[in-house]
Amino acid sequence: MKEVGDFAFVTDNLSKSYGMVKAVNDLTVSVSKGSIGLLGPNGAGKSTLIKMLLGLIQPTSGQFRITKVEGSGSYLDKVGYMPEHDCLPGSISAVGLVSYMGQLSGLPSDVSMERTHEILDFVGMDESRYRNIKSFSTGMKQKVKLCQAMVHDPDLVFFDEPTNGLDPEGRKEMLELIRDVSKSGKTIILSTHLLPDVEYVCKDVMIMNNGELLLYDSLKETLGSTNLAVRVRGDQERFIELMSGRGFEARVMGSNILIGGNATSKEVYEAARDSMVQVRYLSHHSRTLEDLFLQLVGDSNE
Amino acid sequence: MNRFAAKYRNWTGTNTTFGNRMSVFISHELKRIIKSKWSILVLILTYALIVMPRIFQAMTPMMGFNSTFYFSMYDEMFLFIILYAAVVGSGIIASDFKDRSIVLYLTKGYSRKAYILGKFTILFLAFSLITILPLVIIYSIALISSDLSLSLLRENLWILGAGLAMGTFITVFLSTLTAGLSSLLGDRRYTGASLFAISVLSGIVADVLFSINGNDMMWMASIMDNFSMVGSYLFRLDSAYSYTRAYPFLIILGISVSMSYMVYHYIFRKELRT
């Protein structure tokens, strides 16, 4: 197994099974520090992976490693977690809870209170911080969840579906907060099934489906290549075969054929001539995260 | 407030020790549970109806150095102790499962062992207010009322020891039973009701069984009678039953061990309901 070193975490054949179902299947990956979007459809294994890394559930097999801070008792001392579901006790104020969580994470009492107010200022919570959490709206609860995850200044933070249940304005605000946290030098893992959230916040992307890792790469690199979108009249299958035979990735998406591998229009026209089809439409098409996601997930489901 | 006025700031410093975090956890939870109005009400009732009259009695010379005096106090207090346990301790683990805040504790570098140990300590300290503190208060008053005689203290120190052992035994039993039921049932109302039902119903069941076959070993089905038997042994009193006094002790110990395993199972073995 690789040393953690400069990585945020490293896993080695990490698996988790529930009976016959493999929630995470032999996952081996070394995740670099930075902002990473963890994408996947429901049931892909994202939350299971996070819960294993947090020690909430035990792996069936394999192992993982997260950097441990020297002198601290547990690696979790420098890890933060914002859970997806509601997890806040209602009969305590936001200040009380966040400060308490800070102290449990190892902050001295006075430091914890100071940081609690700082982080509540950071998320923009006003005097309502002194009210009991049970009177809070979903947006405010999400902010408190973020605060309790950040109060002890972790190096690695897991955000599990942080924009769930938020209105568009609240969602934008939450994403900006997460982006600001990322800019402060923290490694963030943003688990979501909302692709625009990842595009807005993250530099790298991990895509999972059926417990397996389909992709882990830089978002810029992945989406950087430009495709051509083509519509033809005639034997479409033959055209695709020919383009593939010439080393270009060609596949049908909707009514278009997307051609990757930096093919030029000249090469498309040549292939059209050779396959006896007529080009009716040709344009540049930048690959979106949605294209990539649908392609990878679709392929893995086949 | 405009959040953009505030920037995220990093923190560098040394983390506190495990012991410090444990004391934060215990004091925070302890304050929360004993400050509830029901907890205060049961405490006031118990002290007003049972402890205060005994405090006045203990002011009579020599009265406070009689083992029957303390034995009967525990006998009378038993239902109040159960009521207090139901009111104060029933949500100790169930509430964390119900509002799912257990996830917050277990992702904070605060280990499961520490969580369980902390919860048991909280219950032990909370229950001590009704199981051990009255004994200490009454014994101290009896001692003061007897002009702090050292020879009297030397002769009767065993009564204090027996009382402390009895109080500790009840407290440990109730702490494990409450924590076990709380993690098993995951709901504070059911836990409270079960605690009360187990204590009261076990007495009724024992009574019915005894009336059917007349064998006084049937009283071993009653939690209260088992404690009574253990108490009579500790306070050096005659047993009201014919069987050996080791059995009730073993029954209570068995229940405590089973309940401790229940907590271990739900926190360590079973997948957490997160």
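Note: the structure precedes this text.
Residues numbered from 1 in each chain as written. Chains lettered and ligands numbered in written order. Predicted model: local features only at pLDDT ≥ 70, side-chain atom pairs only at ≥ 80, totals over all residues.

Enquirer: I would appreciate a short explanation of the sheet that holds strand E6 (residues 156-160) of chain A in the present structure.
Expert: Strand pairing within a sheet occurs via backbone hydrogen bonds; the two strands may be parallel or antiparallel. Residues and elements named next belong to chain A. Pairing in this open sheet of six strands is mixed, and the strands run E5-E6-E7-E3-E8-E9 from one edge to the other. Here the strands that pair on one side only, and so sit at the sheet edges, are strand E5 (79-82) and strand E9 (212-218). Neighbour-to-neighbour, the strand axes of the sheet open up by a mean angle of 15 degrees, direction not taken into account. Where strand E3 (residues 35-39) lies against strand E8 (residues 204-209), four bridges are found, and the strand directions are parallel. Looking at E8, one finds that Leu 38 is bridged to Met 206. Each of E5 and E6 is contacted by helix H4 (residues 138-150), which is oriented at about 170 degrees to E5, the strand it contacts most. (Pairing = 2+ DSSP bridges. Helix = DSSP H or I, 4+ residues; strand = E, 2+ residues; numbered from the N terminus. Axes fitted to C-alpha atoms, helices over the stretch in contact; angles between N-to-C directions. Contact = placed C-beta atoms within 7 Å.)

Enquirer: Whenever I open this one, helix H11 (residues 246-269) of chain B confuses me. Can you help?
Expert: Residues separated by three or four positions in an α-helix point in the same direction, a consequence of the helix having 3.6 residues per turn. Residue and element names in this part refer to chain B. The first and last C-alpha atoms of H11 sit 32 Å apart over 24 residues, in line with the 34 Å expected at 1.5 Å per residue. What H11 keeps buried is the set Pro 248, Ile 252, Met 259, Val 263, Tyr 266 and Ile 267. Next to the buried residues of H11 lie helix H6 (112-131), helix H8 (150-185) and helix H10 (223-234). (Expected span 1.5 Å × (residues − 1). Buried ≥ 20, exposed ≤ 12 C-beta atoms within 10 Å, placed from the backbone.)

Enquirer: Hey, could you run me through unusual backbone geometry in this one?
Expert: It is generally the case that most residues other than glycine have a negative phi and that most peptide bonds are trans. Residue and element names in this part refer to chain A. A positive phi angle is found at Glu 161, which is not glycine, with a value near 45 degrees. Locating Glu 161 in the fold gives a position in the loop between E6 and helix H5 (168-183). A tally of 19 C-beta atoms within 10 Å means that Glu 161 is categorised as partly exposed. Residues other than glycine seldom take positive phi values, yet Met 276 does so here, at roughly 60 degrees. Relative to the assigned elements, Met 276 resides in the loop between helix H9 (265-274) and strand E13 (278-286).

Enquirer: Before we go on, may I ask you to explain the sheet that holds strand E2 (residues 21-32) of chain A in this structure?
Expert: All names here are of chain A. As summarised here, the arrangement of the three strands in space is E2-E1-E4, forming an open sheet in which the pairing is antiparallel. Lying at the two open borders of the sheet, with one neighbouring strand each, are E2 and strand E4 (61-66). Sheet twist, expressed as the mean angle between neighbouring strand axes with direction ignored, is 15 degrees. The pairing of strand E1 (residues 7-18) with E4 spans five bridges and is classified as antiparallel. Each residue of the ladder has a partner; that of Ser 15, found in E4, is Ser 61.

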